[in-house]
Amino acid sequence: MSAATLASPRLEPAAGGLAASGAWTSSHATEIYRLTDEAARQPAKSLTIDIAGVGELDTFGAWLLERLLRKTTAEGGEARLAGVPGRFNDLIEEVRQSNRAAPAPERKETWVASQLIALGQATALTISDGAKLLALFGAIAASVGRAIVRPSTFRFTSLVHHLDRVAWQSVPIIVLITFLIGCIIAQQGFFHFRQFGAEDYVVDLVGVLVLREIGVLLVAIMIAGRSGSSYTAELGSMKMREEIDALRTMGRDPVEVLILPRIVAIVLAMPILTFLGGMSALVGGGVVAWLYAGMSPEIYIGRLHEAITLTTFQVGMIKAPFMALLIGTVACNEGLKVKGSAESLGLGTTASVVKSIFLVIVLDGFFAIFFSSIGM
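This structure is a prediction, so every number in the text was calculated from the model and none was measured. (Residues numbered from 1 in each chain as written. Predicted model: local features only at pLDDT ≥ 70, side-chain atom pairs only at ≥ 80, totals over all residues. Heavy atoms only, no water.)

### Some remarks on the overall build of the protein chain
Quick reminder of the rule: Numbered from the N terminus, helices here are DSSP runs of H or I no shorter than four residues, and strands are runs of E no shorter than two. For the radius of gyration, the atoms used are the C-alpha atoms, and the globule rule reads 2.2 Å times the number of residues raised to 0.38. Buried means the residue's accessible area, taken with a 1.4 Å probe over protein chains only, is under 20% of the maximum for its type, while exposed means over 50%, and partly exposed covers the values in between.
A tally of helices and strands in the protein chain yields 13 helices and four strands. Against the globule reference of 21 Å for 376 residues, the protein chain gives a C-alpha radius of gyration of 37 Å, more extended than a compact globule. Counting only C-alpha atoms, the protein chain reaches 115 × 60 × 35 Å along its principal axes. For the protein chain, the proportion of its 376 residues judged to be buried stands at 41%.

Here's what the structure looks like:
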């Protein structure tokens, strides 16, 4: 290796400009910065840098030389390199052509335009999510058809496992929450209806509201938060570990293996939990009626017989499996959309719960209109 290659970089006055020598590489960054900054502070109408004495040059050194030339040119002077060794020609030319394009002007959008863009993006995302959800509904329906034709393909062991998790393990929290809701509705009803001497109608309020609307809606929200989020997290983790892709590689349908047992389990569990939740809420209302309002259990039960009809019970039970199907499908769809990061899994789980609760409430509104139109 020559002495010029090993020497520290130098930039000295010479005839007609400056002369560079030594090693102009990143290992001498401090010296190169100092030399070019000192040269840049000296105004010149014409600048010629002779680099014949440069023994070693890399992109770092070439760029600082080019920056010095461009500064002189920007101030109205003339600048060029002289004595360029042949081995540096390609590097010098590459650096000279870099960063020549002017930056694109920054677009300034008005508030109205930005809101319209956000609305359009949200609309497109909603349509895309709806299409994926419908596609998953279709895949589930096809899997159900195959399971009916060939029952041996259905994974009953997985169904029992998920029934235990979704139904049996959910009973304590469902019963507790609905019991407390029944107590609260009854207490508030007695507190306000007492002013009008209409305490007996609190039993009607509790019975109809719990069995027809609040009971099934509350259970659906809790199932969305408990089981729906679990479905999304499980499928999302499998997606991150590429287990779902492995199933497809083995020729197995992920919808048939992973999703169908979960959907069937939640559809079977929801009516059971709705029934238990409704009964628990009625018991809670009866406890408050007895302890808070002094209404005996016999009167409470007799009033319930008068207020509640079979139709009231049927309305709540009919809603349950449809809400369960919606929750399960949304949860599985969000799980399949998870990408390869923990952040994506968290966002998918959150989106699963939020979307499920929103869609369940919307579906309950449609059911309310439907049952009213047919006189139920």
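### With respect to helix H11 (residues 297–307)
For the record, the criterion: The arc refers to the directions leading from the helix axis to the C-beta atoms. For this analysis, residues touch if any pair of their heavy atoms sits within 4.5 Å.
Residues of H11 that are buried: Tyr 300, Arg 303, Leu 304 and Ala 307. The arc that holds every buried residue of H11, seen down its axis, measures 105°, which confines them to one face. Turned more than 90 degrees away from the buried face of H11, the exposed residues are Glu 298, His 305 and Glu 306. On the buried face of H11, the contacting elements are helix H8 (201–240) and helix H10 (254–291).

### Some details on the sheet that holds strand S4 (residues 78–82)
Quick note on the threshold: Think of it this way: DSSP has to see at least two bridges between two strands before they count as a pair. Fitted lines through C-alpha atoms give the axes, limited to the stretch in contact for helices. The angle between two N-to-C directions lies from 0 to 180 degrees.
Read from one edge to the other, the open sheet built from four strands follows the order S1-S2-S3-S4, with strand pairing classed as mixed. Each edge of the open sheet is held by one strand with a lone partner, namely strand S1 (10–14) and S4. Taken over all neighbouring pairs, the strand axes of this sheet differ in orientation by 20° on average, direction set aside. As judged from the five bridges shared by S1 and strand S2 (residues 17–24), these two strands associate in the antiparallel manner. Its bridge partner lying in S2, Glu 12 is registered against Ala 19. In the packing of helix H2 (residues 29–40) onto the sheet, contacts are made with S1 and S2, and the angle to S2 comes to roughly 170°.

### A look at the UniProt feature "domain: STAS" (unreviewed entry) in the protein chain
Quick reminder of the rule: UniProt positions are given in the numbering used here, feature names are shortened, and annotations may be inferred rather than shown by experiment.
Annotation from UniProt places "domain: STAS" (unreviewed entry) at residues 34–93. Structurally, residues 34–93 is divided into 47% helix and 28% strand, and its ends, taken at the C-alpha atoms, are 24 Å apart.

### A word on the packing of aromatic side chains
Note the cut-off: Only Phe, Tyr and Trp rings take part, Trp by its six-membered ring, and two of them pair if their centres are within 6.5 Å. Stacked means planes under 30 degrees apart, edge-to-face means over 60, and tilted covers everything else.
Inspection of every chain in the model, using the stated rule, returns six aromatic pairs. A centroid spacing of 5.6 Å and a plane angle of 15° characterise the contact between Phe 367 and Phe 371, whose relative ring orientation is stacked. In this pair, Phe 367 and Phe 371 both sit in helix H13 (residues 342–373), four residues apart, roughly one turn of the helix. Its relative accessible area of 11% is what places Phe 367 among the buried residues. Through a chain of ring-to-ring contacts, three or more aromatic side chains come together here, namely Phe 322, Phe 367, Phe 370 and Phe 371.

### As for the side chain of His 28
Its location among the elements puts His 28 in the loop between S2 and H2. A relative accessible area of 16% places His 28 in the buried class. Setting aside its immediate chain neighbours within four residues, His 28 contacts Ala 7, Ser 8, Pro 9 and Ala 23.

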